[in-house]
Amino acid sequence: MKRFSIFVDGQPIDADEAATVAAAMWNAGLSHFRTSVAGERRGPLCAMGICFECRVTIDGVPHRRACMETCAPGMRVETHG
Amino acid sequence: MADRLDAQIAVVGAGPAGIAAATRAAEAGSDVLVIDEAPGPGGQIWKHRRPEHAPRAARKWLERFVRSGARLVRGAQVIAATSDGELRAELPGAGGHMLDVRWGRLILATGARERFLPFPGWTLPNVIGVGAAQALLKAGVSFQGRRVAIAGSGPLLLPAAAALAAGGARVGLVAEQAPFPSVARFAGGLLRQPGKLLQAAMYRGRFAGTRYRTGTWITSARGDDRVREAVYTDGNRSRTVACDVLCCGYGLVPNLDLPMLLGCATSAGKVVVDERQQTSQDSIYCAGELTGIGGVDLALVEGEIAGLAAAGKSHGDRSLPARRSRQAEFAARLEAAFALRDELKSLARPDTIVCRCEDVILARLDPRWRRRQAKLYSRAGMGPCQGRVCGPALEFLFGWESDTVRVPVRPTPLAGLAHKEERADTT
Amino acid sequence: MRSGATPDVIVVGAGIVGAACADALTRRGLHVLVLDSRFAGGGVTAAGMGHIVVMDDSEAQFQLTSYSRRLWSDLAGELSRDCEDDPCGTVWIAETEEEWEAVRAKRAAYESHGVPVEVLDGRALAEAEPNLRPGLAGGLRVPGDRVIYPPNAARWLLQRAVARGARLREGCEVRAAGATEVELSNERITAAHVVNAAGPEAPRLTPGIPIEPRKGHLVITDRYPGFCRHQLVELGYLKSAHTLSAGAPSVAFNVQPRATGQFLLGSSREFVGWNAAPNPDVLEKMVRRGVEFMPALAGLSAIRVWTGFRPATPDKLPLIGRWTSSETHLPGPWIAAGHEGLGITTATGTGEILASLITGETPAIDPAPFEPNRAMPGGVH
């Protein structure tokens, strides 16, 4: 299993080729993925691509569901809040 | 930009029902194309991090699927379909790269999602669903040492608790809202299905030491930047359990978006099918949770029947209808046993968020409204989840039935709505 | 109003226009009953963009839209938050040199009507809206234009009317609307005056009214705060809005930022009867046109597509006044309908004009161009 780093808000975290971005973030103790309309911090709810609570910007593209994206070496993830 | 593929039979969903359908249809000689949004087949229940982690039944079916010759398009999310033989899916990557499929027969096996009900604190980070916990586990999350509380309703609570315990979690609470007599009747019914009873016993064994509490439900989650404790009650006394993760889900609801978009008749939240799994639309079949929540075994046999029917070989296996009847019986008992209690309707307070996409609180919703009215006035259901989370909750709280389904069935880049290909001038 | 008492005015249609009429009428002390077959703001009002815009395609339109825009601005501080009132302004975009020439004339026209505008050359346009493609000739910025969320604006106006004693009956199907009586499925209600404000369905209630449904498509995206700041409309929109050839759908670039950070992309026009199904070909043309102006639109996530039926008249002006049946020559109801794509903008002005006509006041602007029985160019198409 290939292991590598991805970057969340500029910080490297451990990941592997079978992990989703959400999983890698949870393993790194990161719970906040986005900020809601009313300013609440949110993280994954359904973990299967339905709720859109785990949205992050990946490699410059916003609104990507972290639970549906598999980690890739050097991936840049930005959370909002 | 769009690729084009043709198939005699297109199958949407590569969970057990879709895999069984595609395999049977391909083995019967049809040209079959399976489309699924995940990176690999298996749906939710057969998802696995490594092939050797998949349950034995899954491995056997997946091997048989590969041998059958059916094609699989991975990571493809269907955003539109017409009942006269077209569908459009978004392929992975951010460029709005689309796939257009022309099909002769269509089998929908898009499974189910969790039902979430709002309660104070449910939007705190680390409050997730029950199926969500298993999905995260399979996606690579380590639960080692995490204190976990599991609550809600349905037979998924047990395997989730067992899986999390096996993964090193400290399971502090397993709370089923259905009352003990209902659950006991259901469990007793499992005596008729020894395989399932064995499964249940194995689950209990794995987290021995933590009581499986019935007639108990979460009333609130508390925390700061994430959940720190959950408050639960049995209707008499309230208690608190410290937790790092709260898993709370109230059963499953079928993903009816595509069947509804295509005009398939539904009744009581299920797609109506005949004995060949055919819907009210000629050439469209449904199998699995779409026809009613019933678990893996029912999904498999419905998939097999649908696959054979779509391939024109309805009598290909005469043992199937009887198997389906037995499994359907289980499904019916499941629904009855885990009916949701009325107390769950009063958990949300006026300032509890009901629509998480748009942060619409309960106080902004008037129970006298209808669904579309509520959507227009409050914007509940107008976010990217397209009402998939708040919809079942609002149906439970107010009796509001879901709105009509429109294209795009899932959010998709605008470029994906512009379907004509750029053709180079070939003259 | 005591229940059971005969109202002074029955307003059929609780959309933005009916709501504005009810508001204006109750302000003049009249007892008003508003009827709607669905729920307030649930018809074409809910389908539109909510643009409040001064339009210069005719003198009458100029008068009506600038008067109405002023009335909306006066409400700015009072509207509830869920009306999402946003004074973001409009930028009309000149794609070609020809359109750029027209910008100067347009500025003169707006300024002669007392509507402040600002000419933006290519560079200023790019600064004002960085996501527009380079190479556009320029634009005209109209800072006083606004955006609003129509269903809640209609409700807000209705609530004001109700606070002054108006009654609202929803889920109430009206079969026919005459001069002093409306016919429901199992009752008739009389009043001194009846107002048909039923939008594209107005002809169904009062046969002969020259209104046809003109279908439009819209797409709403996910949130991309700051992607664009103004309502953006191509000057070619006016060409599209005036395309009269039957059956040929036309599209024009139109993007609107919402207070939520989501974007509405439009616009399309076609006459296809009441076929509400989104047309993939028209949608495709509309998206392409959008991407031609703002390439980054292609990657924005589209959450929902819908259609609506603009109530269109042959000369593009609404019907505001007393209708006389061309068959019977008898007076019919008052009409406040046929606003095509300007229903949200001109609702306020329409309400005031109509209420003035009913009470015998002199309306603030000349109502003659909106006379429902006026001669129309041959055929709606």
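Our structure's up above, just so we're on the same page.
Below or above, wherever it landed, is the structure these notes cover. (Residues numbered from 1 in each chain as written. Chains lettered and ligands numbered in written order. Predicted model: local features only at pLDDT ≥ 70, side-chain atom pairs only at ≥ 80, totals over all residues. Heavy atoms only, no water.)

### Observations concerning the overall build of chain C
- Regarding its fold elements, chain C presents 10 helices and 19 strands.
- Scaling as 2.2 N^0.38, a compact globule of 381 residues should have a C-alpha radius of gyration of about 21 Å, and chain C matches this with 20 Å.
- Viewed in the frame of its principal axes, chain C has a C-alpha envelope of about 65 × 45 × 40 Å.
- Counting contacts in chain C only where the partners sit at least 6 residues apart, residues at least 24 apart contribute 76% of the total.
- As presented, chain C carries roughly 13600 Å² of accessible surface, and 52% of it is formed by carbon and sulfur atoms.
- Each charge class in chain C was averaged separately, 37 positive and 43 negative side chains, and the resulting centres sit 3 Å apart. (Helix = DSSP H or I, 4+ residues; strand = E, 2+ residues; numbered from the N terminus. Rg over C-alpha atoms; globule rule 2.2 N^0.38 Å. Contact = heavy atoms within 4.5 Å. Areas by Shrake-Rupley, 256 points an atom, 1.4 Å probe, with all protein chains shown as cover. Lys, Arg positive; Asp, Glu negative; His and termini not counted. Charge placed at Lys NZ, Arg CZ, Asp CG, Glu CD.)

### So, the side chain of serine 267 of chain C
Residue and element names in this part refer to chain C.
- Of note, serine 267 is situated in strand β16 (residues 263-269).
- Classification of serine 267 by relative accessible area gives buried; the value is 4%.
- Within polar-contact distance, the side chain of serine 267 engages the side chain of arginine 269 at 3.2 Å.
- Leave out the neighbours within four places in its chain, and serine 267 touches His217, Tyr237, Ser250, Val251, Ala252, Asn254, Met286 and Arg310. (Buried < 20%, exposed > 50% of the residue type's maximum accessible area, 1.4 Å probe, protein only. Polar contact = N/O pair within 3.5 Å; in protein donor to acceptor, adjacent residues only side chain to side chain.)

### Structural notes on helix α8 (residues 295-310) of chain B
Residues and elements named next belong to chain B.
- For α8, built from 16 residues, the straight-helix expectation of 22 Å at 1.5 Å per residue is met to within 8% by its first-to-last C-alpha distance of 22 Å.
- Burial analysis of α8 places 13 of its 16 residues in the buried class, the great majority of the element.
- A positive backbone phi angle near 80° is found at glycine 312, which sits one or two residues after α8. (Expected span 1.5 Å × (residues − 1).)

### Details of the packing of helix α3 (residues 130-138) of chain B against helix α4 (residues 157-166) of chain B
Residues and elements named next belong to chain B.
- Running from N to C, α3 and α4 point in directions that differ by 35°, and their axes come no closer than 9 Å. The way α3 lies across α4 gives a crossing that is left-handed. Taken together, the residues of α4 that come into contact with α3 (itself represented by Val130, Ala133, Gln134 and Leu137) are Leu157, Pro159, Ala160, Ala163 and Leu164.
- Broken down by class, the residue content of the contact of α3 with α4 amounts to eight nonpolar, one polar and no charged. (Axes fitted to C-alpha atoms, helices over the stretch in contact; angles between N-to-C directions. Left-handed = near helix turned anticlockwise from the far one by under 90°. Nonpolar A, V, L, I, M, F, W, Y, C, P; charged D, E, K, R; others polar.)

### Points about the packing of aromatic side chains
- Summed over all chains, the structure comprises 10 aromatic pairs over all chains.
- Relative to phenylalanine 39 of chain C, the ring of tyrosine 377 of chain B has its centre 5.9 Å away and its plane inclined at 90°; by these criteria the two rings are edge-to-face. One end of the pair, tyrosine 377 of chain B, is in helix α10 (residues 371-378); the other, phenylalanine 39 of chain C, is in the loop between β2 (32-35) and α2 (44-47), on a second chain. Both residues of the pair, tyrosine 377 of chain B and phenylalanine 39 of chain C, count as buried.
- Ring centres of phenylalanine 398 of chain B and tryptophan 400 of chain B lie 4.6 Å apart, and the angle between their planes is 45°; on these two criteria the pair is classed as tilted.
- Pairwise contacts between aromatic rings join Phe186, Phe330 and Phe338 of chain B into one cluster. (Phe/Tyr/Trp six-rings, centres within 6.5 Å; stacked < 30°, edge-to-face > 60°.)

### Section: the interface of chain B and chain A
- Between chain B and chain A, the residue contacts involve 41 residues of the former and 36 residues of the latter.
- Between chain B and chain A lies a buried interface of about 3000 Å² when both sides are counted; carbon and sulfur atoms form 59% of it.
- By the criterion of area lost to chain A, the three top residues of chain B are Arg49, Arg356 and Asp359 of chain B, representing 17% of everything that side buries.
- Linking chain B with chain A are two salt bridges.
- Here chain B is connected to chain A by 15 residue pairs in polar contact (both at pLDDT 80 or more).
- Where the side of chain B that touches chain A is concerned, the elements lending two or more residues are β8 (127-128) and α3 of chain B.
- Among the residues forming the side of chain B that touches chain A, the class breakdown is 20 nonpolar, nine polar and 12 charged. (Buried area = accessible area lost by both parts, 1.4 Å probe. Salt bridge = Lys/Arg side-chain N within 4 Å of Asp/Glu carboxyl O.)

### Here we look at the sheet that holds strand β5 (residues 55-58) of chain A
Residues and elements named next belong to chain A.
- On the basis of which strands lie adjacent, the open sheet formed by five strands has the order β2-β1-β7-β5-β6 and mixed pairing. Bordering the open sheet on either side are β2 (11-16) and β6 (61-65), each of which pairs with just one other strand. Ignoring strand direction, the axes of neighbouring strands in this sheet form an average angle of 40°.
- Taken together, the two bridges between strand β1 (residues 3-8) and strand β7 (residues 76-78) define a ladder with parallel strand orientation. Each residue of the ladder has a partner; that of phenylalanine 7, found in β7, is arginine 76. (Pairing = 2+ DSSP bridges.)

### A closer look at the nonpolar core
- Counting 151 residues, the largest nonpolar core has Ile6 of chain A, Leu246 of chain B together with Trp72 of chain C as its most contacted members.
- Counting residues per element, this core draws most heavily on helix α1 (residues 16-27) of chain C, at eight residues.
- Counting residues in hydrophobic clusters, the runner-up holds 34 residues, among them Ala80 of chain B together with Phe227, Leu232 and Val282 of chain C. (Core = buried A, V, L, I, M, F, W, Y, C linked by side-chain atoms within 4.5 Å.)

### A word on unusual backbone geometry
- For the bond running from valine 407 of chain B to proline 408 of chain B, omega is 0°, close enough to zero to count as cis.
- Here proline 408 of chain B is to be found in the loop between α11 (390-398) and β22 (412-413).
- For the bond from glycine 266 of chain C to serine 267 of chain C, the omega torsion is 5°, close enough to zero to count as cis.
- Of note in this structure, phenylalanine 52 of chain A is not a glycine but carries a positive phi near 65°.
- With respect to the element layout, phenylalanine 52 of chain A can be found in the loop between β4 (41-42) and β5.
- On the basis of relative accessible area, phenylalanine 52 of chain A is assigned to the buried category, the value being 5%.
- The phi angle at lysine 316 of chain C is positive, at roughly 70°, despite the residue not being glycine.
- Counting through the fold element by element, lysine 316 of chain C comes out in the loop between β17 (301-312) and β18 (319-324).

### A closer look at the sheet that holds strand β19 (residues 331-337) of chain C
All names here are of chain C.
- Spatially, β8-β2-β1-β12-β19-β18 is the arrangement adopted by the six strands of the open sheet, whose pairing is mixed. Since the sheet does not close on itself, it has two edges, and those belong to β8 (167-169) and β18, each with one partner. Each adjacent strand pair in this sheet contributes to an overall mean axis angle of 20°, direction not counted.
- Summarising the sheet, strand β1 (residues 9-12) and β2 pair through four bridges and their orientation is parallel. Bridged to valine 12 within β2 is leucine 35.

### A word on the interface of chain B and chain C
- Listed as interface residues are 29 residues of chain B and, on the opposing side, 36 residues of chain C.
- Contact with chain C buries area across many residues of chain B, yet Tyr377, Arg379 and Leu414 of chain B alone supply 27% of it, more than any other trio.
- At the boundary of chain B with chain C, the tally comes to two salt bridges.
- In this structure, glutamate 358 of chain B engages arginine 223 of chain C in a salt bridge whose closest nitrogen and oxygen atoms are separated by 3.1 Å.

### A short note on the pattern of salt bridges
- According to the stated counting rule, one finds 56 salt bridges over all chains in the structure shown.
- When the shortest N-O distance is used, the salt bridge between aspartate 31 of chain B and arginine 71 of chain B registers 3.0 Å. On the criterion of sequence distance, the pair formed by aspartate 31 of chain B in the loop between α1 (16-27) and β2 (32-35) and arginine 71 of chain B in strand β3 (residues 71-73) is long-range, its members being 40 residues apart.
- Judged by its relative accessible area of 29%, arginine 71 of chain B falls in the partly exposed class.
- Within this structure, Asp23, Arg27, Arg28, Glu78, Arg160, Arg164, Glu352 and Glu361 of chain C form a network of salt bridges that share partners.

### What about the environment of valine 301 of chain B?
- With respect to the helices and strands, the residue valine 301 of chain B is situated in helix α8.
- Sequence separation between valine 301 of chain B and alanine 81 of chain B is 220 residues, and the spatial gap between their C-alpha atoms is 25 Å.

### Section: the pairing of strand β9 (residues 147-153) of chain B
Residue and element names in this part refer to chain B.
- In terms of residue burial, β9 counts as a mostly covered element, since six of its seven residues are buried.
- Alignment of β9 against strand β10 (residues 170-176), held across six bridges, turns out to be parallel. Across the sheet, valine 148 pairs through a bridge with valine 171, a residue of β10.
- Taken together, the six bridges between β9 and strand β15 (residues 245-250) define a ladder with parallel strand orientation. The partner of serine 153 across the bridge, within β15, is tyrosine 250.

So, to be careful, I would describe these as geometric facts and stop short of saying anything about function.
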